[in-house]
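Each chain, letter by letter, is given below.
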Amino acid sequence: MSNDELLKIVVFKLGENEYGLKVDEVREVLKLKKGDITPLPNAPSYIVGVTNIRGEITPIIDLKGKLGIYDNYESLDDKEELLVMVIEVNNQTFGILVDGVNDVMQISKDTITPVSSIKKSTAGEYIDGIIKLDKRLIILLNISSLLDIDLGGDY
């Protein structure tokens, strides 16, 4: 199998489910205290606020809120520490809140089922495919369409 048929992904948890992002989109994973995040007035509800990561003002996105995942939704207010995956897409940096980072894995592209039929559903536009591994289903997110976010304000 040639290398271009392999995809390296970071697998993370949101609620009960596993999601994947391409490794080259993920810069780092870090823990933030809630006090490190400054809320933005008038921002969409899934934008928790901004924080300073290595000198860069970085918006922090509540991915569960953005994707509408509310199964046993633990309020952010209940958490002292937030696990943040720092993503870089189109030269923009975002932090996304995750419940856990499971592993980094190399998968063959033929384990990815495209979601053309699912695309018509609401979150479908944010999904590149579903990865089936043994008993696991990992939803591969299209992070650039997901994070095409207007933070308000004209810069």
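The coordinates are above.
Cut-off values and rules
Residues numbered from 1 in each chain as written. Predicted model: local features only at pLDDT ≥ 70, side-chain atom pairs only at ≥ 80, totals over all residues. Heavy atoms only, no water. Helix = DSSP H or I, 4+ residues; strand = E, 2+ residues; numbered from the N terminus. Buried < 20%, exposed > 50% of the residue type's maximum accessible area, 1.4 Å probe, protein only. Contact = heavy atoms within 4.5 Å. Areas by Shrake-Rupley, 256 points an atom, 1.4 Å probe, with all protein chains shown as cover. Pairing = 2+ DSSP bridges. Core = buried A, V, L, I, M, F, W, Y, C linked by side-chain atoms within 4.5 Å. Axes fitted to C-alpha atoms, helices over the stretch in contact; angles between N-to-C directions. Lys, Arg positive; Asp, Glu negative; His and termini not counted. Salt bridge = Lys/Arg side-chain N within 4 Å of Asp/Glu carboxyl O.

A. Main features of the overall build of the protein chain. When its secondary structure is counted, the protein chain shows two helices and eleven strands. Taken from N to C terminus, the helices and strands of the protein chain fall in the order β-β-β-β-β-α-β-β-β-β-β-β-α. Classification of the 155 residues of the protein chain by burial places 45% in the buried group. Excluding contacts between residues fewer than 6 apart, the proportion of contacts in the protein chain whose partners are at least 24 apart in sequence is 59%. For the protein chain, the computed accessible surface area is about 8,800 Å², with 48% contributed by carbon and sulfur atoms.

B. Summary view of unusual backbone geometry. We note that asparagine 90 has phi near 45 degrees; this positive angle belongs to a residue other than glycine. Here asparagine 90 shows up in the loop between β6 (81–89) and β7 (92–98). For asparagine 90, a relative accessible area of 64% corresponds to the exposed category. Of note in the backbone geometry, asparagine 91 takes a positive phi value of approximately 60 degrees without being a glycine.

C. Region of the structure containing the pairing of strand β5 (residues 56–61). Here strand β4 (residues 47–53) runs beside β5; their pairing, made up of six bridges, is antiparallel. Each residue of the ladder has a partner; that of threonine 51, found in β5, is threonine 58. Here β4 folds back onto β5, and the loop between the two strands holds two residues, one of which, arginine 54, carries a positive phi near 50 degrees. Relative to β7, β5 runs parallel, the two being bridged by two bridges. Looking at the pairing, isoleucine 60 lines up with glycine 95 of β7.

D. View of the nonpolar core. The biggest cluster of nonpolar side chains holds 28 residues, and the ones touching the most others in it are Phe12, Leu21, Leu67, Met85, Ile87, Ile96 and Leu141. Residue assignment for this core shows that the elements contributing at least two residues are β1 (6–14), β2 (17–22), α1 (63–67), β6, β7, β10 (127–133), β11 (136–141) and α2 (143–146).

E. A look at the sheet that holds β6. Spatially, β3-β6-β7-β5-β4 is the arrangement adopted by the five strands of the open sheet, whose pairing is mixed. At either margin of the open sheet sits one strand with a lone partner, and together these are β3 (26–33) and β4. Shown here is a sheet whose adjacent strand axes are inclined to one another by a mean of 30 degrees, direction ignored. Pairing analysis gives seven bridges linking β6 to β7, with the strands arranged antiparallel. Following the sheet pairing, glutamate 88 is matched in β7 by threonine 93.

F. Layout of the sheet that holds β1. Strand order in the open sheet formed by six strands is β8-β1-β2-β11-β10-β9, with mixed pairing between adjacent strands. The open sheet has two free edges, formed respectively by β8 (100–108) and β9 (112–113), since each of these has just one partner strand. By the bridge criterion, three bridges tie β2 to β11 in an arrangement that is parallel. Its bridge partner being in β11, tyrosine 19 is matched across the sheet by isoleucine 139.

G. Representation of the environment of glycine 15. Within the element layout of this structure, glycine 15 appears in the loop between β1 and β2. Residue class for glycine 15 comes out buried when judged on its relative accessible area of 16%. In this structure the C-alpha to C-alpha distance between glycine 15 and aspartate 99, which are 84 residues apart in sequence, comes to 6.7 Å.

H. Expanded view of the side chain of glutamate 25. Secondary-structure assignment places glutamate 25 in the loop between β2 and β3. For the buried glutamate 25, which has no salt bridge, the nearest side chain bearing the opposite charge is lysine 22, at an N-O separation of 4.4 Å.

These values are about where atoms sit, not about what they do.
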